[in-house]
Amino acid sequence: MPSKAESLRPSEPAPQPPEGRTLQGQLPGAPLAPRAGSPPDAPGSESPALACSTPATPSGEDPPARAAPVTPRPPARPRLERALSLDDKGWRRRRFRGSQEDLEARNGTSPSRGSVQSEGPGAPAHSCSPPCLSTSLQEIPKSRGVLGSERGSRSSGVNPLSGVASSSPNLLHRDAAVAGSSPRLPSLLPPRPPPALSLDIASDSLRTANKVDSDLAGYKLRAQPLLVRAHSSLGPGQPRSPLACDDYSLRSAKSSFSLLAPIRSKDVRSRSYLEGSLLASGALLGADELARYFPDRNVALFVATWNMQGQKELPPSLDEFLLPAEADYAQDLYVIGVQEGCSDRREWETRLQETLGPHYVLLSSAAHGVLYMSLFIRRDLIWFCSEVECSTVTTRIVSQIKTKGALGVSFTFFGTSFLFITSHFTSGDGKVAERLLDYTRTVQALALPRNVPDTNPYRSSAADVTTRFDEVFWFGDFNFRLSGGRTAVDTLLCQGLVVDVPALLQHDQLIREMRKGSIFKGFQEPDIHFLPSYKFDIGKDTYDSTSKQRTPSYTDRVLYRSRHKGDICPVIYSSCPGIKTSDHRPVYGLFRVKVRPGRDNIPLAAGKFDRELYLLGIKRRISKEIQRQQALQSQNSSTICSVS
């Protein structure tokens, strides 16, 4: 019996099993593990499974029976040999695609290299290079075993991707069998479920990490005004717009920084501003709109009168006149009446617009000879005014230039009608009768209102224009003097630092006639606490020093009358001693006037104002501000510092 050593002769080589043959000691169906970087049939490549496929037979035992020879067959599926033995260096050198590139690869717009999914269904597995596993994190295979290996590799400090690559090859063959062609890797499952997206844009789930660094502690506050993108990178779905479900849009409508109440859409559909409403509650001029702008139903009114004496030179600044220091806030409506106005009326109105600024617009401007009247109103209140109507009366017919007479302007604001009259009565110390006649002619000849309906026709009189309006202001140069002579008045004026104004008013002709009831019936005047406004030397604080020695008097006055008792409340009544371009000092009064809601049965002004004057006044303000800044810069640059 030959020995075991003689059974294999040296001249005869040992038979090699075929490539597709199942080796002894190897599980059937298990493929050979390929090595990265070399093709499956490369010469000299040696499979690690061959080294351990035939175990060593101990001496003294009979050799096992040999397996029957098997005929080699072509592989039934793509060979993935040596695809799972990738080294760590190869994975580190690979560039993973971003979310945008991965999205384009899915849509087919930009097929990426090295992706198994980008290949056609009929492409062979060995047509690409061996390390052609998907570079997208969402295409790496995941299973229970893989997740467990990933956790283990993460805890042991090994690259988790290498653990994924060294997973069971059966998973690859199962996926390839299902696809029928090239193997496709399943999508990547996240290590933990993503946080639920909250519909609130200020939610913590929109943060980029579960934990925010201490340097970004204010991230939540800064991220509140930001909106979620339509194509979020957190998932393939598109989240709903936050404006459709959160309450931030409602909060913006009810912001505390806005003084205007939000307008509901159902109110816009139900209310017709074009046709109007005769009910006070639902009208444009009704109680609802009035409460939005004037909760206490009181309007701040400024009324001023000034005899300019026809001077072409205007004061360098009108701030003391229109914006006195006694008033903390600007008024809602400014009415300025001028007698013997300057020759350039447009320049005068431009100066008024420049002083009041862009918050006010010229609602109406009227003139009668050298009598001017200008009405400035806050620009957000022009929608609640009716058409402005005016009328004039001439009291001196002989004169070619209308220097004496009256100019009346009327309009309705919400449900309250206003009448403003500026007059210039006959001058002279002893001409009281002529001044009374001027008053009578004015109240009878002013034809107002015309198209605007009377708010209370049952209490109106055809013989007195002042009875046809709710609130009446009459101001101007009435030329009523202080009787008693110049010497008596100077004695009262020179008594000391504090002038006895009540003692001066005892000689006032206007107060005397009003007490008699011969003039300004039903009118009142605020208490006077200022010095006589007439007559000064131009540019000085001294009264008339010429040979005529005119008596200082309160010729410039502001009177008011209300149809309802207590509707007008005087706040300030004073003069402007700083304006010295005329022999008269401007006199102004600040009032609080009660306004009632109205009905939409009046012709509205529809927001009309003098746009050209508005733009001109704003340009003047800008140019003056630029000149002031340039003057400050030149002054600072020319300053020389000397060190002693």
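Report on the accompanying structure. These figures come from a predicted structure and were not determined experimentally.

Reading the values: the criteria
Residues numbered from 1 in each chain as written. Predicted model: local features only at pLDDT ≥ 70, side-chain atom pairs only at ≥ 80, totals over all residues. Heavy atoms only, no water. Helix = DSSP H or I, 4+ residues; strand = E, 2+ residues; numbered from the N terminus. Buried < 20%, exposed > 50% of the residue type's maximum accessible area, 1.4 Å probe, protein only. Polar contact = N/O pair within 3.5 Å; in protein donor to acceptor, adjacent residues only side chain to side chain. Contact = heavy atoms within 4.5 Å. Phe/Tyr/Trp six-rings, centres within 6.5 Å; stacked < 30°, edge-to-face > 60°. Core = buried A, V, L, I, M, F, W, Y, C linked by side-chain atoms within 4.5 Å.

**Some remarks on the side chain of Thr-426**
- As for its position among the elements, Thr-426 is in the loop between β7 (416–424) and α14 (432–445).
- Thr-426 sits in the buried class, given a relative accessible area of 15%.
- A polar atom in the side chain of Thr-426 sits 2.7 Å from the side chain of Asp-438.
- Discounting chain neighbours no more than four positions away, the residues touching Thr-426 are Lys-404, Lys-431, Glu-434, Arg-435, Asp-438, Phe-478 and Asn-479.

**Things to note about unusual backbone geometry**
- Put simply, Leu-448 and Pro-449 share a cis peptide bond, and its omega is -5°.
- The phi dihedral of Asn-479 is positive, around 65°, even though this residue is not glycine.
- Looking at where Asn-479 falls in the secondary structure, it is placed in the loop between β8 (471–477) and α15 (486–493).
- Judged by relative accessible area, Asn-479 falls into the buried class, the value being 3%.

**Considering the packing of aromatic side chains**
- One pass over the full model with this rule turns up 28 aromatic pairs.
- Between Trp-306 and Trp-348, the ring centres sit 6.0 Å apart and the planes meet at 55°, which makes this aromatic pair tilted. With Trp-306 in strand β1 (residues 298–307) and Trp-348 in helix α13 (residues 345–356), the pair connects residues that are 42 residues apart, well separated along the chain. Across this residue pair, the class does not change: Trp-306 and Trp-348 are buried.
- Ring centres 5.8 Å apart and planes at 70° place the aromatic pair Phe-530 and Tyr-554 in the edge-to-face group. With Phe-530 in the loop between α17 (509–516) and β9 (556–562) and Tyr-554 in the loop between α17 and β9, this residue pair connects regions lying 24 residues apart in the sequence.
- In this structure Tyr-554 comes out as buried when scored by relative accessible area, which is 1%.

**Overview of the nonpolar core**
- Core analysis: the largest hydrophobic core is formed by 54 residues, its most contacted members being Leu-301, Ile-377, Phe-413, Phe-420, Phe-473 and Phe-591.
- If sequence neighbours within four positions are ignored, Phe-413 has contacts with Phe-294, Val-299, Ile-377, Leu-381, Phe-384, Cys-385, Phe-418 and Val-595.
- Ranked by size, the runner-up nonpolar core spans 26 residues in total, among them Ala-304, Leu-318, Ile-336 and Tyr-360.

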